[in-house]
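Tertiary structure, described
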Amino acid sequence: MNARHLCLLAALQAVTLPAAAAEWAVDPARSAIRFSGVQVGVPFTGRFERFKAAVDLDPAKPEAGHALVLVDLASARTGDVQRDQALPQKDWFDVKAASEARFEATRFVDKGQGDYAAIGTLTIRGTSRPVTLPFHLTLDGGSAHAVGRVGLVRTEFGVGQGAWASGQWVALDVGVDIDIVATAQPAAGH
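These lines cover the structure that appears in this document, whether it is placed above or below. This one's a predicted model, so the numbers in the text were calculated from it and none came from an experiment.

About the cut-offs
Residues numbered from 1 in each chain as written. Predicted model: local features only at pLDDT ≥ 70, side-chain atom pairs only at ≥ 80, totals over all residues. Heavy atoms only, no water. Buried < 20%, exposed > 50% of the residue type's maximum accessible area, 1.4 Å probe, protein only. Helix = DSSP H or I, 4+ residues; strand = E, 2+ residues; numbered from the N terminus. Pairing = 2+ DSSP bridges. Salt bridge = Lys/Arg side-chain N within 4 Å of Asp/Glu carboxyl O. Phe/Tyr/Trp six-rings, centres within 6.5 Å; stacked < 30°, edge-to-face > 60°.

Here the focus is the pairing of strand β8 (residues 115-124). Where a strand is regular, its side chains alternate between the two sheet faces. With respect to burial, β8 is a largely interior element, seven of its 10 residues being buried. Turn length for the strand β7 (residues 100-112)-β8 hairpin, with the two strands adjacent in sequence and antiparallel, is two residues, and the turn residue Q113 shows positive phi of about 55°. Pairing geometry for β8 and strand β9 (residues 127-140), over 10 bridges, is antiparallel. Residue pairing in the sheet places A118 in a bridge with L133 of β9. As consecutive antiparallel partners, β8 and β9 are separated by two residues, and within that stretch R125 has a phi angle of approximately 55°, a positive value.

This part takes up the environment of Q85. Within the element layout of this structure, Q85 appears in helix α1 (residues 81-86). Classification of Q85 as exposed rests on a relative accessible area of 54%. C-alpha of Q85 to C-alpha of A74: the two residues are 11 residues apart in sequence and 9.4 Å apart in space.

Attention shifts here to the pairing of strand β3 (residues 42-48). Both strand β2 (residues 32-39) and β3 contribute to a ladder of seven bridges, which runs antiparallel. Within the sheet, the bridge partner assigned to S36 lies in β3 and is T45. Following β2, the chain reverses through two residues before pairing antiparallel with β3; V40 in that reversal takes a positive phi of roughly 40°.

What follows is about the pattern of salt bridges. Evaluation of the coordinates by the stated rule reveals five salt bridges. The salt bridge partner of R102 is E104, with a shortest N-O separation of 2.8 Å. Take E104: its relative accessible area is 24%, and that puts it in the partly exposed class. One salt bridge in this structure joins D177 and R149, with 2.5 Å as the shortest N-O distance. Taken together, the positions of D177 in strand β11 (residues 173-184) and R149 in strand β10 (residues 143-153) put the pair 28 residues apart, joining distant regions of the chain.

Let's shift gears to the packing of aromatic side chains. All told, the structure shown has five aromatic pairs when counted by the stated rule. With a centroid separation of 5.0 Å and an interplanar angle of 45°, the aromatic rings of F35 and F48 are classed as tilted. Highlighted residues: F35 in strand β2 and F48 in strand β3, separated in sequence by 13 residues. Overall, F35 belongs to the buried group, its relative accessible area being 9%. Note on F48: relative accessible area 3%, which makes it buried. Geometrically, the ring pair formed by F48 and F93 is tilted, given 6.0 Å between the ring centres and 50° between the ring planes.

Written as structure tokens, this is what we have:
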């Protein structure tokens, strides 16, 4: 049901939280983590085809929530063969050194009217930075749908080395969009 991502974000593990928290099973077939940027003045979009997420969030007590998203960086696809072959390489995601991006939200903040913020840390290429991911949450019975977007500066995570470290060819600003569908899981022990 929820958000983080990123850039990204993304294989996760469930975390045991107080009884008030609600555990959600993310449906990867109905969920997506997308990214967008600009290369030589032309906007492009892409998605990560493989990610896992574990989310514990009780909307009545969001501060007790937790989420972990692991994104397989080698699964980035933009539809451009040359770009898709370059992204896993050392200048970009360097998947041989660190194959996953990790977003861990340690709490959520209720902003009102279904709007929330996931407060946590994003790690890409071994570099961790605090990230706040705003998202809108829609609950329908035992289903949840979270949609959010966060802007990142790719070089703050070491993405784009050498000639790619400047914004001359590929803009430094990137967007990461999450669209997560999840179902509530029964409480443990029931």
